[in-house]
Amino acid sequence: MAMNFFESQEQARRNTGRLVALFAAGVLSIIVMTYFLIVSLFFVAAAKSEGSVATPSLWVPEVLMGSCAFVLLLVGGGYLYKLNQLRHGGKSVALSLGGRVIYGDTTDLHERKVLNVVEEMAIASGVPTPPVYMMGDENGINAFAAGYSPTDCVIGVTRGCIEHLSRDELQGVMAHEFSHILNGDMRLNIRLIAILNGVLVMGIVGYYVMRSAAMGRRGGKNNGAAAILLTGLGLMAIGFLGTLCGRMIKMAVSRQREFLADASAVQFTRNPEGLAGALKSIGRQSGRAVLASPNAASASHMLFADGIKAFSGKLMATHPPLEDRIKRIDPSWGGDWGEEPDDLVLEQDAVEEDDDARRKLAQTIGTVAAVMTAAEAGGPASSTPPPLPASAIDSIGVLTPEHVSYAQELLALIPAELKEASREAYSARAVMYAILINEEEEVRTRQLEQLDAHADAAVYGVTQALLPLADSLDPRVTLALIDLCTASLRTMSGTQYMDFKANVDFLIKADDQIDLFEWTVLRILDHSLESSFVDAKPVRTDYYSVASVLEPCSVLLSTVARVGAASEEEIQESFSVGVTHFGDDRVSCLGLEACGLDPLEGALDELMKCAAPIKKKVLSACAATIAADNQVTQHEGELLRAISESLDCPMPPLLPGQALV
């Protein structure tokens, strides 16, 4: 059964609510235990006084209030402290686990292999190409996806993962991680890290209290050291129980999501042997997936496989047993892990063949001809028949083998020089500049003068060299090239980003107007890069009904209806078709003055706060509005993808013959 992106997002939101409830229950338990610890100290003090102090009561409201304040301060402080540490989203997690960015110009053959796989998956799914972080000191086979949203996510892989797995096995692992991105699991996983840190603080405080008491005794001071020691031991015990509670929460939330990610990965690749082979490689050797990083325990629930050795074994593991996972993928598996293969050695020729495979696809008989004659709505064509789902909206969050093959075709049509340039931060800037250079001579001159004066000299030189290739670039692969650039552009420094953003703004506005393509590029760049240079804050869901977003929907649908329309009559007709898909006829068709870029930006920012089912209605209405005249241009298709990405709903490239609605 095909995965439904919007249902998965809703399930992730409900899981977040369940997580909050479990966290609240855990904090309440800690408060109760702390209260009884303090009351027990009163009884101990009364016993030592030998009757000189009245027997305390089990019910002391003042102590309960104090316990509440104490626990909430510690746990809440620990939670907020960790959340602040993770403010950069996936990048923060990757760095905490000892990761380093794999740059696109790497000469390491294994690293090039994983970059190729990630690029294909990203373009096929409509997700901006995420940076890949290598945990170079980790020999275990493991990986993770982390971030608050698809636009700030990163992929992490261990050295053992890329060196010991074949390309098919690595593709299975990456498909598993991309399913976490598409299923909305990442934000939940980051919150779990912060929650576990909050309950862990109690144990840390208990340790230091006990240590202080022990040091006081060694210094010859007994002033209540026994009571302090008992307090420290009690707090440590509470902290231990809190940590145990945190692990139970992780187990309750993550195990089922791992089964779903496995099933989705098989659906994506239609190659169960790849994912099963990776799991068998882990199972052949005890501890093969274990990470050495001291922060592995806090992030264990977001890893591909158990990354820590739990004292309770499988009972408290955050992941289902490997045997169960393999059985679900391959019901005929008899429990044989297979023999340990020889070390995987990549030859230069093999990797170059992998790099060139996409180009060879474009040379297949009939493919290039099909590409050149493809319908505007479909982009580059394929010799395979249009697969299901037939609707662009249904394809959101769905990664299929057809989309992966199609992504390979798109990549094959990008000139090698542009593709290589997109994989390094300074030359990726040049690629983006070259794409935005205007064909009109007067405007082009102003744009080049701007870059000569304000861009890095080397970047300007590369831009000039790439201009002929950008001028002749098939427009139907432009978004794929931009997706390739985003991973490299995220590695810019803050100063470089500000300069880049200023130059892009100038290039787009140099002709005193912003056309549909330029707005699409600008929106995609802003949405994809902003979170890498400012604190990545998760967007809160505020709207759960179409009635609550009538105003922003009016702006959005009115703007979309004007795209490609030749008359007010056509605008009204397209708008009316969109409204029927939105499901509320109180949406108003606004005048031209209300459909500028600033109102549109504001409308999309508001619609980002919608629950997943409302986003689906909004996107369905946009798609119906665009397709109302039965003619979908290339730029209109790109506009729909830009709107979809702005709402954190990654839409894959439109397949040949694929309808919008």
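Look up a bit, the structure's there.
Residues numbered from 1 in each chain as written. Predicted model: local features only at pLDDT ≥ 70, side-chain atom pairs only at ≥ 80, totals over all residues. Heavy atoms only, no water.

J.: Hey, could you run me through the overall build of the chain in this one?
T.: A count of helical and extended segments in the chain gives 25 helices and four strands. A buried classification covers 55% of the 661 residues belonging to the chain. Of all intrachain contacts in the chain linking residues separated by at least 6 positions in sequence, the fraction that spans at least 24 positions is 79%. Element-wise, carbon and sulfur atoms account for 57% of the exposed surface of the chain, whose accessible area totals about 27900 Å². (Helix = DSSP H or I, 4+ residues; strand = E, 2+ residues; numbered from the N terminus. Buried < 20%, exposed > 50% of the residue type's maximum accessible area, 1.4 Å probe, protein only. Contact = heavy atoms within 4.5 Å. Areas by Shrake-Rupley, 256 points an atom, 1.4 Å probe, with all protein chains shown as cover.)

J.: Hey, could you run me through the pairing of strand β3 (residues 143–146) in this one?
T.: Regular strands place their side chains on alternate faces of the sheet. Residues A143 and A145 point to one face of β3 and F144 and A146 to the other, with burial holding for every one of them. Taken together, the four bridges between β3 and strand β4 (residues 154–158) define a ladder with antiparallel strand orientation. Looking at the pairing, A146 lines up with V154 of β4. (Pairing = 2+ DSSP bridges.)

J.: I'm lost on the sheet that holds strand β1 (residues 100–101) in this one. Help?
T.: Within a sheet, adjacent strands bond to each other through the backbone by hydrogen bonds, running parallel or antiparallel. Read from one edge of the open sheet, four strands run β1-β2-β4-β3, paired in mixed fashion. Only two strands of the sheet have a single partner each, and these edge strands are β1 and β3. Sheet contacts for helix α4 (residues 109–125): β1, β2 (132–135) and β4; angle to β2, the most-contacted strand, approximately 145 degrees. (Axes fitted to C-alpha atoms, helices over the stretch in contact; angles between N-to-C directions.)

J.: For this particular structure, what's the right way to read helix α15 (residues 425–436)?
T.: One turn of an α-helix holds 3.6 residues; hence residues three or four places apart share an orientation. With 12 residues, α15 extends 17 Å between its outermost C-alpha atoms, agreeing within 8% with the 16 Å of an ideal straight helix rising 1.5 Å per residue. Burial of α15 is extensive: 11 of the 12 residues sit out of reach of the surface. Taken together, the buried positions of α15 are occupied by A425, S427, A428, R429, A430, V431, M432, Y433, A434, I435 and L436. For α15, the elements touching its buried residues are α14 (416–421), α16 (441–454), α17 (457–471), α18 (478–489), α19 (494–509) and α20 (516–533). Measuring from the backbone nitrogen of Y426 back to the side-chain oxygen at the start of α15 gives 2.8 Å, which picks out E424 as the cap. (Expected span 1.5 Å × (residues − 1). Polar contact = N/O pair within 3.5 Å; in protein donor to acceptor, adjacent residues only side chain to side chain.)

J.: What is the right way to read a negative patch on the surface from this model?
T.: Together, E569, E570, E573 and D629 make up a region of like negative charge exposed at the surface. One can find E569 in helix α22 (residues 568–582). On the basis of relative accessibility, which here comes to 63%, the residue E569 falls in the exposed class. (Patch = residues over 30% accessible without salt bridge, like charges linked within 9 Å, V, L, I, M, F, W, Y side chains within 5 Å. Salt bridge = Lys/Arg side-chain N within 4 Å of Asp/Glu carboxyl O. Lys, Arg positive; Asp, Glu negative; His and termini not counted. Charge placed at Lys NZ, Arg CZ, Asp CG, Glu CD.)

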